[in-house]
Structure formats: C-alpha cells, structure tokens
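# Structural overview
So you can see what is in the structure, the chains are spelled out below.
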Amino acid sequence: MTRLATSPVTLAAAVAQRPSEGSVHSWDLSTGVDGPGTRFVTFLSGCPLSCLYCHNPDTWRMRDGKRTSADDVIAEASKYVRFISASGGGATVSGGEPLLQPVFTGELLHRMKHELGLHTALDTSGFLGARATDALLRDTDLVLLDIKSWDPETYRKVTGRPLKPTLDFARRLAELGQDVHVRFVLVPGLTDDPADVEGVAAFAGGLGNVSRVDVLPFHKLGEVKWQALGMPFALHDTPSPAPDQVAAVREVFRSHGLHAV
Ligand code: SF4
C-alpha cells in the first residue's frame, strides 16, 4: 500500500530544507569596498536606520525589494566563482540591513561558504546584531561593521537609532574572535568632532579583533537617489572632508594600533 501521509518528522525536515526566500534589491560584482578582492554582493531590501548620508535610500523599504529565492541568488553567484576566487574575493551580503532578514541572510552566507566555497562577509550597521545567530556568524568569515559615531546623540542624529546595540554586537564579535573591518564615515560638522573620532578609535583598538578600519570620506553621489525618491537630502550643503582631514583621522585610528585606510 502506498502511504500518502507524511510523518511530522519528514515534513519538518522538508520544510527545513526548503530554500528560503528574501526581499532582494539587487546584486552586483564589486571590488574594493565590500571586503577583500572581487565580491559577489547581494543587496537586501529593508533597513531600520535612516542615515543622513545613505547612498542607497532605495533599499530602505523591504516591500520595495523583489521576492527572490536563495537558489536564484546562489545560481547567479555560481557563475562567477572561478573569477572571484582568483581575485582573492568572495561573497558579501549587504543592504539595506541584511540582519533584518536573518534567516535568509544566514542561508545565503551558509551556501556561499559551503556550496560555492567562497569567503563570506556580512555588511551591517550592527543595530540588529542580536538577530545574528552563532551559526550565522560561524558561516561569516568577515564582518564589515559600521560604527557611525561614538557619541550617542550624534549617532541618533545620523541614523535615527540608538548606538548601544552596535557596540554590544561589536563586543560579542570580539568575544567570538570574529574578524571585523570597522567602517567610519567622516562627515564635516557631523562626525568629525575629535572626541567622537577618538572614541571610535579607542573602542575599535581595544576590541582586539579589528583587522582594518576604512575611513570613508563623505560624498554626495547618492543625493540623486534621494531626489528621485522625493526626499530632502539634509547634507546637501555639507562638503566632503579635505584630504588632510581624512589623513589626520586615519592617524587617530593608527595611534590605537589599527590598520586604517
Ligand atoms: S545602515 Fe546603511 S543602508 Fe541603512 S540607512 Fe544607514 S547607510 Fe543606508
């Protein structure tokens, strides 16, 4: 007799194996800004922050992304594995904020690492770091962590959210010995207060697991996206920092034993 009924255990296993879907904005190959080498970068939709200098405000709303299966993302990335590997690169899950979709993000990282054999990176603000399971972090070779300010008031002004979850996540990554690159966007008149820079640098230097700091000069290339969305760009009149100001900030990070670029 053919048995049509599926046992609960079999059903649970089937559900667990079913590839998840997520809200995806886009994917791209990039070199230089999303981790080492050439990367296959998946940009997920949805972000709980609203950074004044965001380059990608079109990723903010999860409902604006395209429902996409992990299978489809992995199939696309698989086309570039040889090229990516030859460059010393890998796969980066970015956004938006990838930890807004922690199950999907975890599946992408797991499959990029174990099916495709790629180095994996998670690009996050850390605000939702508590949603990253230990398993997800085990599948993550590198965390690209934005620390947007040391001063809680400035952080809230920049992002609309509190700073503490990001610092908590950074400390957890340090306890796990996870490789981290810290990213700090230098905005004149906003994040360039010497005490603010010193605070981020001292904190990052004290963690012991930060292998690189990217000091990113503010620029306005994303302003056209704000305009296209009909949103006012609050930093319209803010200049980019001068090269010597950027160099001085990098020196502050270096004074704490960090490799700052
Ligand atoms: S965390 Fe990133 S994606 Fe989200 S608002 Fe800030 S810069 Fe934009």
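Located above this text is the structure these notes cover.
This section reports on the structure supplied with the text.

How each quantity is defined
Residues numbered from 1 in each chain as written. Predicted model: local features only at pLDDT ≥ 70, side-chain atom pairs only at ≥ 80, totals over all residues. Heavy atoms only, no water. Pairing = 2+ DSSP bridges. Helix = DSSP H or I, 4+ residues; strand = E, 2+ residues; numbered from the N terminus. Axes fitted to C-alpha atoms, helices over the stretch in contact; angles between N-to-C directions. Contact = heavy atoms within 4.5 Å. Left-handed = near helix turned anticlockwise from the far one by under 90°. Nonpolar A, V, L, I, M, F, W, Y, C, P; charged D, E, K, R; others polar. Near = heavy atom within 4 Å. Phe/Tyr/Trp six-rings, centres within 6.5 Å; stacked < 30°, edge-to-face > 60°. Buried < 20%, exposed > 50% of the residue type's maximum accessible area, 1.4 Å probe, protein only.

This brings us to the sheet that holds strand S7 (residues 180–186). Strand order in the open sheet formed by 8 strands is S3-S1-S2-S4-S5-S6-S7-S8, and the pairing between neighbours is mixed. Strand pairing shows two members of the sheet lacking a second neighbour, strand S3 (66–69) and strand S8 (210–217), which therefore form its edges. Going from strand to strand, the sheet's axes swing by 30° on average, the running direction of each strand aside. Where strand S1 (residues 21–31) meets strand S2 (residues 38–44), 7 bridges bridge the pair, whose relative direction is antiparallel. Bridged to Trp 27 within S2 is Thr 42. Against the sheet, helix H7 (residues 164–176) engages strand S5 (119–124), strand S6 (142–146) and S7, with an angle of about 155° to S6.

Let's shift gears to the packing of helix H8 (residues 194–207) against helix H10 (residues 243–254). Contact pair H8 / H10: the axes reach a minimum separation of 8 Å and the direction vectors enclose 35°. Between H8 and H10 lies a crossing of right-handed hand. For the pair H8 and H10, the contacting residues are Val 197, Glu 198, Val 200 and Ala 201 in the first and Val 249, Val 252 and Phe 253 in the second. Of the residues in the contact of H8 with H10, the class split is 6 nonpolar, no polar and 1 charged.

Attention now moves to the site of the ligand. The environment of the ligand is made up of Cys 47, Leu 49, Ser 50, Cys 51, Cys 54, Trp 60, Gly 96 and Lys 148. For the shell around the ligand, the residue count by class is 5 nonpolar, 2 polar and 1 charged.

So, about the packing of aromatic side chains. Counted according to the given criterion, the structure contains 6 aromatic pairs. Judged by centre distance (5.9 Å) and plane angle (55°), the rings of Phe 184 and Phe 253 are tilted. Here the residue Phe 184 occupies a position in strand S7, and Phe 253 occupies one in helix H10, the gap between them amounting to 69 residues. With a relative accessible area of 0%, Phe 184 lands in the buried category. With centroids separated by 5.3 Å and ring planes inclined at 65°, the aromatic side chains of Trp 226 and Phe 233 adopt a geometry described as edge-to-face. Residue Trp 226 shares its accessibility class with Phe 233, and that shared class is buried.

S7 sits mainly inside the fold: 7 of its 7 residues count as buried. Neither face of S7 is left uncovered, since the one carrying Val 180, Val 182, Phe 184 and Leu 186 and the one carrying His 181, Arg 183 and Val 185 both have all their residues buried. In the sheet, S6 pairs with S7 via 4 bridges, with the strands oriented parallel. Across the sheet, the residue bridging to Leu 145 is Val 182, located in S7. Where S7 meets S8, 7 bridges bridge the pair, whose relative direction is parallel. Bridge pairing in S8 links Val 180 to Val 210.

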